Amino acid sequence: MPAMELAGNFFLVGLMGSGKTTVGRTLARHTGKTFYDSDHEIERRTGVRITTIFDIEGEPKFRERERDTIAELCQQQGIVLATGGGAILAPENRQALRKHGTVIYLRAQIDDILARTQHDKSRPLLQTADPRSKLEELFAIRDPLYREIADIVIDTSHQNVNVLIHRLEQRLLTLQSKTR
């Protein structure tokens, strides 16, 4: 699909393991936009892994870094940004994402997220005895916030990424044709 057909920035939100990075990279490639992952950008800037920031500085300091990174990235044009799962907890992030682009909520079932993240040790919030309960807790808190700012909600459970991208691009085209 030609890049000119889909204008603006696209911001992906959703729980960890919902497919934000995978979908984001593919969407950026299809639309000729630059892809960023806010967690990867934080790691690049600090020179350490997110788990190290959580271990040494704690979640509040990580969230501060996340707010600064998202604020800077939102000022760019022609990007696809995969945000961290908890980025929407900060009102400043929700406001920046809504103001500077189209927000896409990638929604996945807890079972799918567990399957996708079960061997991933780089997710500090899931390093617990009961990851399912933690994900259910996170979902209960975050789902309303994701929905609050989402222009599009799309289910990523049991989806081939290429089919999902095609559906997403069609929804983006429809959304943009309504706003012209």
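Residues numbered from 1 in each chain as written. Predicted model: local features only at pLDDT ≥ 70, side-chain atom pairs only at ≥ 80, totals over all residues. Heavy atoms only, no water.

With respect to the overall build of the protein chain
And step 1. Broken down by element type, the protein chain carries seven helices and five strands.
And step 2. Each helix and strand of the protein chain, ordered N terminal to C terminal, gives the series β-α-β-α-α-β-α-β-α-α-β-α.
And step 3. When its C-alpha atoms are laid out on the principal axes, the protein chain stretches across 45 × 35 × 25 Å.
And step 4. Counting only carbon and sulfur atoms, one obtains 48% of the accessible surface of the protein chain, whose full area is about 8,900 Å². (Helix = DSSP H or I, 4+ residues; strand = E, 2+ residues; numbered from the N terminus. Areas by Shrake-Rupley, 256 points an atom, 1.4 Å probe, with all protein chains shown as cover.)

Quick look at the packing of aromatic side chains
And step 1. The final tally for this structure, using the stated rule, is two aromatic pairs.
And step 2. Geometrically, the ring pair formed by F54 and F62 is tilted, given 5.1 Å between the ring centres and 40° between the ring planes. The two residues F54 and F62 agree in class, both being buried.
And step 3. Between Y105 and Y146 the ring centres are 4.8 Å apart and the planes differ by 35°, which places this aromatic pair in the tilted class. Taken together, the residues span a long stretch of sequence, with Y105 in strand β4 (residues 102-107) and Y146 in helix α6 (residues 131-149) at a distance of 41 residues.
And step 4. With relative accessibility at 1%, the residue Y105 sits in the buried group. (Phe/Tyr/Trp six-rings, centres within 6.5 Å; stacked < 30°, edge-to-face > 60°. Buried < 20%, exposed > 50% of the residue type's maximum accessible area, 1.4 Å probe, protein only.)

What about the nonpolar core?
And step 1. Within the largest apolar cluster, 26 residues are counted, with the highest numbers of intra-cluster contacts made by F11, V13, L81 and L97.
And step 2. Breaking this core down by element, the ones donating at least two residues are β1 (10-13), α3 (50-74), β3 (79-82), α4 (91-100), β4, α5 (110-117) and α6.
And step 3. Broken down by element, the residue count for this core peaks at five residues, all from α6.
And step 4. Those residues in contact with F11, other than ones at most four positions away along the chain, are C74, I79, L81, A96, L97, H100, G101, T102, V103 and I104. (Core = buried A, V, L, I, M, F, W, Y, C linked by side-chain atoms within 4.5 Å. Contact = heavy atoms within 4.5 Å.)

So, the side chain of E41
And step 1. Mapped onto the secondary structure, E41 falls in helix α2 (residues 38-46).
And step 2. Of the polar contacts made by the side chain of E41, one reaches the side chain of R44; its length is 2.6 Å.
And step 3. Each residue touching E41, except ones within four places of it in the same chain, is listed here: Y36, T69 and L73. (Polar contact = N/O pair within 3.5 Å; in protein donor to acceptor, adjacent residues only side chain to side chain.)

As for the packing of helix α1 (residues 20-31) against helix α7 (residues 161-179)
And step 1. Closest axis-to-axis distance for the α1/α7 pair is 10 Å, and the angle between their directions is 60°. Comparing their axes, α7 and α1 come out oblique. As α1 packs across α7, the resulting crossing turns out to be right-handed. Note on element contacts: α7 touches α1 through V161, L164, I165, L168, E169 and L172, opposite T22, V23, T26, L27 and H30.
And step 2. Across the contact of α1 with α7, the residue classes tally to seven nonpolar, three polar and one charged. (Axes fitted to C-alpha atoms, helices over the stretch in contact; angles between N-to-C directions. Parallel < 35°, antiparallel > 145°, perpendicular 65-115°, else oblique. Left-handed = near helix turned anticlockwise from the far one by under 90°. Nonpolar A, V, L, I, M, F, W, Y, C, P; charged D, E, K, R; others polar.)

With respect to the sheet that holds β3
And step 1. Pairing in this open sheet of five strands is parallel, and the strands run β2-β3-β1-β4-β5 from one edge to the other. Two strands bound the open sheet, and with one partner strand each, they are β2 (34-37) and β5 (152-155). On average, adjacent strands in this sheet sit at an angle of 20° to one another, irrespective of strand direction.
And step 2. In terms of strand pairing, β2 meets β3 through four bridges, oriented parallel. Along β3, the bridge assignment pairs T34 with I79.
And step 3. The strands touched by α6 within the sheet are β1, β4 and β5, with β4 carrying the most contacts at an inclination of about 145°. (Pairing = 2+ DSSP bridges.)

Considering the pairing of β5
And step 1. Of the two faces of β5, only one is covered, namely that formed by I152 and I154; the face formed by V153 and D155 stays uncovered.
And step 2. With four bridges joining them, β4 and β5 adopt parallel strand pairing. What sits directly across from R107, in β5, is D155.

No statement about biological role is implied by the geometric values presented.
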